[in-house]
Amino acid sequence: MVLISSNSYSQSGKVPPFQIIQANGNIFKALNLPMDKPIIIIYFSPDCEDCQKFTEALLLRRDDFLKASIAMITYVPVQNVAQYVSKYKLSIYPNIFVGTEGNSFIVRYYYNIQRFPFVALYNKNGDLIKIWDKEENIDDLSNRLRNL
């Protein structure tokens, strides 16, 4: 495995140029995110218990997050993504895009992610507002999104 510095992809606080394969096999890119909406990037692992709890909390408060585009990105095989999407019925939410970046690790290196879930919030202009990389907080995320 080749390690790449997170600075290799740095765009000074902008959304990383990701490309993911969704559960249905379609390719989804950062460029496909709807314009003029806040963006939430969630880097997760389907096997991560904290990630599962975060997903459940997010879905319980889904109305709080309707105004944002949510990209849930992992590195696991697409079959695992499909199981996760099915388990949480994520395909019924038009503002949630789930997929794997495979072993490209562009997003993982972009943020130098050390633990899951990792959450980043961007405003509608694609400017970074806040990163939760130690302790994700659904209340803080919801409040910050509401104020955008």
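About the criteria used
Residues numbered from 1 in each chain as written. Predicted model: local features only at pLDDT ≥ 70, side-chain atom pairs only at ≥ 80, totals over all residues. Heavy atoms only, no water. Helix = DSSP H or I, 4+ residues; strand = E, 2+ residues; numbered from the N terminus. Rg over C-alpha atoms; globule rule 2.2 N^0.38 Å. Buried < 20%, exposed > 50% of the residue type's maximum accessible area, 1.4 Å probe, protein only. Contact = heavy atoms within 4.5 Å. Core = buried A, V, L, I, M, F, W, Y, C linked by side-chain atoms within 4.5 Å. Phe/Tyr/Trp six-rings, centres within 6.5 Å; stacked < 30°, edge-to-face > 60°. Lys NZ or Arg CZ within 6 Å of the ring centre and 35° of its normal. Pairing = 2+ DSSP bridges. Axes fitted to C-alpha atoms, helices over the stretch in contact; angles between N-to-C directions. pLDDT = per-residue confidence, 0-100. Expected span 1.5 Å × (residues − 1). Arc of directions from axis to C-beta.

S.K.: Please explain the overall build of the protein as it appears in this structure.
M.R.: In terms of helices and strands, the protein carries 4 helices and 7 strands. The order of helices and strands in the protein, counted from the N terminus, is β-β-β-α-β-α-β-α-β-β-α. Over its C-alpha trace the protein gives a radius of gyration of 14 Å, about what one expects of a compact globule, namely 15 Å for 148 residues. C-alpha extents for the protein along the principal axes are approximately 40 × 35 × 30 Å. When the 148 residues of the protein are sorted by exposure, 45% land in the buried category. Excluding contacts between residues fewer than 6 apart, the proportion of contacts in the protein whose partners are at least 24 apart in sequence is 71%.

S.K.: Would you take a moment to explain the nonpolar core for this structure?
M.R.: Within soluble globular proteins, side chains that are nonpolar generally end up buried alongside one another. Of all hydrophobic cores here, the largest spans 49 residues; its most connected members are Phe18, Ile40, Ile41, Ile42, Met72, Leu90 and Tyr111. At the level of elements, strand E3 (39-43), helix H1 (49-60), strand E4 (69-74), helix H2 (78-87), strand E5 (96-100), helix H3 (106-111), strand E6 (118-122) and helix H4 (138-146) are the ones that each hand at least two residues to this core.

S.K.: Quick question: what am I supposed to make of the packing of aromatic side chains here?
M.R.: Here a ring pair, both rings aromatic, is described through the centre-centre distance and the interplanar angle of the planes. In total, this model carries 10 aromatic pairs according to the counting rule given. Every member of this aromatic cluster is reached through a ring pair, and the members are Tyr43, Tyr75, Phe105, Tyr109 and Phe116. Over the ring of Tyr75 we find Arg108; its NZ or CZ atom is 5.2 Å from the centre of that ring.

S.K.: For this particular structure, what's the right way to read the sheet that holds E3?
M.R.: By way of backbone hydrogen bonds, the strands of a sheet pair with one another, either parallel or antiparallel. An order of E2-E1-E5-E4-E3-E6-E7 is seen for the 7 strands of this open sheet, with the pairing classed as mixed. One side of each edge strand has no neighbouring strand; the edge strands of this open sheet are strand E2 (27-29) and strand E7 (128-132). Neighbour to neighbour, the strand axes of the sheet diverge by 30° on average, direction disregarded. Strand direction decides the pairing type here: E3 and E4, joined by 5 bridges, are parallel. Within the sheet, the bridge partner assigned to Ile42 lies in E4 and is Met72.

S.K.: Is there a simple way to think about the confidence of the model for the protein in this case?
M.R.: Residues shown with low pLDDT carry predicted positions that ought not to be read at fine detail. Of the residues in the protein, 92% reach a pLDDT of 70 or more, and the chain-wide mean stands at 91. Contacts of residues 1-10 to residues separated by more than four positions or lying in other chains number 13 contacts, the stretch itself having pLDDT below 50.

S.K.: Even after reading the chapter, I still don't get the side chain of Gln22, so can you show me in this structure?
M.R.: In this fold, Gln22 is placed in strand E1 (residues 19-22). In this structure, Gln22 is in contact with Phe28, Val78, Phe97, Val98 and Gly99, ignoring residues within four places of it in sequence.

S.K.: Any chance you could explain H1 here in plain terms?
M.R.: Residue pairs three or four apart in sequence face the same way in an α-helix, which turns once every 3.6 residues. Here H1 spans 17 Å end to end across 12 residues, near enough to the 16 Å set by a 1.5 Å rise per residue. For H1, every residue scored as buried is listed here: Cys51, Gln52, Phe54, Thr55, Leu58 and Leu59. Across the axial projection of H1, the buried residues extend over an arc of 160°, all falling on one side. Residues of H1 that are exposed and point over 90 degrees away from its buried face: Glu49 and Leu60. Contacts made by the buried residues of H1 are with E3, E4, H2, E5, E6 and H4.

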